[in-house]
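The lines below spell out each chain.
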Amino acid sequence: MIDDKLYTLAFEYKKTKLWKTLYDMELFALRLTDGRIGYISIIGAKGEDCAVSLYIGEEGWNSFCAVTKADEYRLSPLEFQEEVLKQNCLQCAFEKKEELSKKEQEKAKNYARAHGIRFRGKNAYPRFMKYQPNHYPWYLQEDNEKEDLCEALTGAIEMAKLLEKSPKEELGICSLEEKKEEILLLEFQEGTYSLSKIKLPERKQEPIPMPENCNEIGMGNLKKMKRNGIWECEILQYPEPIQNHPEEVPYFPYFLLIVETATEYMLPVSPAEYYKEAPEELLNLMIEAFLEEELCPREIRVCEERTYAFLESFCRKLKIKLSMKEELLVLRKMECEFLRYFYMGDEEEMEEVTNLLNYALERGQINTEDLPEELMEEIRILLKQEALPEETAEKLCEIFGFGKEEPRGRLKKSDFQIYEGKNDQK
């Protein structure tokens, strides 16, 4: 059985401790039996994670580049998430028992029991995963995926044997941080493995999705409306995966964060599953939202090319001014508020915040003049969201002079079907 083969190779690979010799950026290539080129990254040198990742072809290579170049400090949280979710690979990882689903645990235990293997250490359980762009990491679905990962593990085991005889520098393995144009290629020929060099693919820029058509009836109705307000807009990826049925791989949809600058009103646009494949879906959702709210912008401002390209035809047809700005302050503020509100679902965290505020109120320790503006803004958001107990909220409103009116159009977690919890394989 192919599953047994995977477990056999996984446990054999773990004995090599190859991650103590190779770093994750010291890739080598492997020619698969059907001729495709896979790029193998060995993870584990930092002592936290342990895995073999197989990136296949130009798509896999481009995804590896995107993930490794993602800068958490330069990008916003949602921008960084989007870059990381470009990952396209198959992976054998070694995890803690609690990280696996019950079915994965049972499979691993059955194999170990049949082969006299004991699980030792913190990352003892092999787990076989598929990473596909804009989706939650999921189980291997097809036999060909399992076969590809078997080849990757076999190649990694062979590489470990070669490195026992020769240093990696002598074999020609080097870090991609040195910007090499070629890397080592391992391939199986006539019953034995051989080494050569292969040129790395050029990294290709992902094309910008541009809608080719839209809801023409909706556009006609918007043309009849009076233009009002300056709106700031950006296409973002939703921060949590959505799953419509248990067999579906949870996915991260895209949504439009679009806000009117004067009122800070956030237009409630539903997220779109197929923005990249069919950007018309997201455009039509925006048109429907404007029609439902009986609004049509006078001007829309964006801060990056993707959203500009998405809106260009729409704005031209409706004679809406579209402009590019370096910074959109209202949009950034609402993005922060959206993220705070979205993640405020943790009951324990909310209880801790409430207890802390009540403790300070009871002792008269809240001095409005001493509080930083960031904390004042956090308290305003909690009051707007009606997230605090009524008695606590009334006391805070009295102290700070805040109102509790909920801005219209506020996105709520309950508006979406969110995938939560462990991914128990069905």
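Residues numbered from 1 in each chain as written. Predicted model: local features only at pLDDT ≥ 70, side-chain atom pairs only at ≥ 80, totals over all residues. Heavy atoms only, no water.

As for the overall build of the chain
So, step 1. A count of helices and strands for the chain gives 13 helices and 13 strands.
So, step 2. Buried residues in the chain amount to 49% of all 426 residues.
So, step 3. In the chain, the share of contacts with a sequence separation of at least 24, taken over all contacts with a separation of at least 6, comes to 66%. (Helix = DSSP H or I, 4+ residues; strand = E, 2+ residues; numbered from the N terminus. Buried < 20%, exposed > 50% of the residue type's maximum accessible area, 1.4 Å probe, protein only. Contact = heavy atoms within 4.5 Å.)

Overview of the sheet that holds strand β3 (residues 51-56)
So, step 1. Pairing in this open sheet of eight strands is mixed, and the strands run β6-β5-β4-β3-β2-β1-β7-β8 from one edge to the other. Whereas interior strands pair on both sides, the edge strands pair on one side only; in this sheet they are β6 (138-139) and β8 (192-199).
So, step 2. Packing of helix α1 (residues 2-16) onto the sheet brings it into contact with β2 (37-43), β3, β4 (89-95) and β5 (125-131), and relative to β5 it is tilted by some 110°.
So, step 3. Each of β1 (28-31), β2, β3, β4, β5, β7 (182-189) and β8 touches helix α5 (residues 143-165); the most contacted strand, β1, lies at about 125° to it. (Pairing = 2+ DSSP bridges. Axes fitted to C-alpha atoms, helices over the stretch in contact; angles between N-to-C directions.)

Observations regarding the confidence of the model for the chain
So, step 1. Mean pLDDT for the chain: 86, with 83% of residues reaching 70 or above.
So, step 2. Across residues 404-426 the pLDDT falls below 50, and counting only partners more than four positions away or on other chains, this stretch makes 64 contacts in the model. (pLDDT = per-residue confidence, 0-100.)

What to know about the sheet that holds strand β11 (residues 265-266)
So, step 1. If you walk across this open sheet you meet the five strands as β11-β10-β9-β12-β13, and the pairing is mixed. Both outer strands of the open sheet, β11 and β13 (321-324), are each paired with one neighbouring strand and no more.
So, step 2. Where strand β9 (residues 230-237) lies against strand β12 (residues 299-302), three bridges are found, and the strand directions are parallel. Residue Trp231 lies in a different strand from β12, and its bridge partner there is Ile300.
So, step 3. Taken strand by strand, helix α3 (residues 77-84) contacts β9 and β10 (254-260), and its axis lies near 35° from that of β9.

Focus: the side chain of Lys168
So, step 1. Within the secondary structure, Lys168 sits in helix α6 (residues 168-171).
So, step 2. Apart from the residues lying within four places of it in its own chain, the contact partners of Lys168 are Thr21, Leu22, Tyr23, Glu26, Leu163 and Ile173.

Section: the layout of surface pockets
So, step 1. Its volume calculated, the largest pocket comes out at about 1,400 Å³.
So, step 2. Lining the largest pocket are 42 residues, and of these Glu82, Glu83, Lys86, Glu206 and Lys276 sit closest to its centre.
So, step 3. Among the elements of the structure, α2 (57-69), α3, β9 and α9 (305-318) are those that each provide at least two residues to the lining of the largest pocket.
So, step 4. Considering every element that reaches the lining of the largest pocket, the biggest residue donor is α2, with six residues.
So, step 5. For the lining of the largest pocket, the per-class residue count stands at 15 nonpolar, seven polar and 20 charged.
So, step 6. Counted as a void, the second largest pocket has a volume near 1,000 Å³.
So, step 7. Residue assignment for the lining of the second largest pocket shows that the elements contributing at least two residues are β2, β3, α2, α3 and β4.
So, step 8. A breakdown of the residues in the lining of the second largest pocket according to their chemical character gives 17 nonpolar, nine polar and six charged. (1 Å grid on protein atoms, 1.4 Å probe; cavity = no way out; pocket = protein on both sides within 12 Å on 5 of 7 lines; lining within 4 Å. Points joined across faces, edges and corners; volume = space filled by probe spheres on them. Nonpolar A, V, L, I, M, F, W, Y, C, P; charged D, E, K, R; others polar.)

Quick notes on the packing of α1 against helix α4 (residues 102-114)
So, step 1. In the contact formed by α1 and α4, the axes pass within 11 Å of each other and the chain directions differ by 75°. Between α1 and α4, the angle falls in the class roughly perpendicular. For the pair α1 and α4, contact is made by Asp3, Asp4, Tyr7, Thr8 and Phe11 and by Glu104, Lys107, Ala108 and Tyr111, respectively.
So, step 2. Of the residues that constitute the contact of α1 with α4, the class distribution is four nonpolar, one polar and four charged. (Parallel < 35°, antiparallel > 145°, perpendicular 65-115°, else oblique.)

Let's talk about the packing of aromatic side chains
So, step 1. Scanning the model with the defined rule gives 18 aromatic pairs in all.
So, step 2. Seen in terms of ring centroids, Tyr7 and Tyr111 are 5.4 Å apart; in terms of plane orientation they differ by 20°. Their pairing is stacked. You can see Tyr7 sitting in helix α1 and its partner Tyr111 sitting in helix α4, a full 104 residues away along the chain.
So, step 3. A relative accessible area of 6% places Tyr7 in the buried class.
So, step 4. A relative accessible area of 7% places Tyr111 in the buried class.
So, step 5. Pairing Phe11 with Tyr111 gives two aromatic rings, centres 5.9 Å apart and planes at 5°, and the pair type is stacked. On the criterion of sequence distance, the pair formed by Phe11 in helix α1 and Tyr111 in helix α4 is long-range, its members being 100 residues apart. (Phe/Tyr/Trp six-rings, centres within 6.5 Å; stacked < 30°, edge-to-face > 60°.)

Some thoughts on α1
So, step 1. With 15 residues, α1 should cover 21 Å at 1.5 Å per step; its first-to-last C-alpha distance of 21 Å lies within 8% of that length.
So, step 2. Every buried residue of α1 is listed here: Ile2, Asp3, Leu6, Tyr7, Leu9, Ala10, Phe11 and Tyr13.
So, step 3. Positive backbone phi, at 55°, marks Lys17, one or two positions downstream of α1. (Expected span 1.5 Å × (residues − 1).)

Some words on the pairing of β5
So, step 1. Within β5, five of the seven residues are buried, leaving the element largely enclosed by the surrounding structure.
So, step 2. In this structure, β5 lies alongside β6, joined through two bridges in antiparallel fashion. Across the sheet, Lys130 pairs through a bridge with Trp138, a residue of β6.
So, step 3. Once β5 ends, the chain turns through six residues before running back antiparallel as β6, passing Asn134 with a positive phi of about 65°.

Considering the environment of Lys223
So, step 1. Among the secondary structure elements, Lys223 is positioned in helix α7 (residues 216-223).
So, step 2. Here Lys223 falls in the partly exposed class, since its relative accessible area comes to 48%.
So, step 3. Taking C-alpha positions, Lys223 is 8.3 Å from Cys296, a pair spaced 73 residues apart along the chain.
So, step 4. With near-sequence residues (within four places) excluded, Lys223 lies in contact with Lys317 and Leu318.

Digging into α9
So, step 1. Look at α9: 20 Å from first C-alpha to last across 14 residues, which is about the 20 Å you get at 1.5 Å a residue.
So, step 2. A bend of about 45° at Leu311 is the largest found in α9.
So, step 3. All of the buried residues in α9 are Arg306, Thr307, Ala309, Phe310, Leu311, Phe314, Cys315 and Leu318.
So, step 4. By the N-cap criterion, in which a side-chain oxygen at the helix start approaches the backbone nitrogen of a residue two or three places on, α9 is capped by Glu304, the distance to Arg306 being 2.9 Å.
So, step 5. Remark: Lys319 follows α9 within two positions and exhibits a positive phi of approximately 55°. (Bend = angle between axes of the 7 residues up to and from the residue. Polar contact = N/O pair within 3.5 Å; in protein donor to acceptor, adjacent residues only side chain to side chain.)

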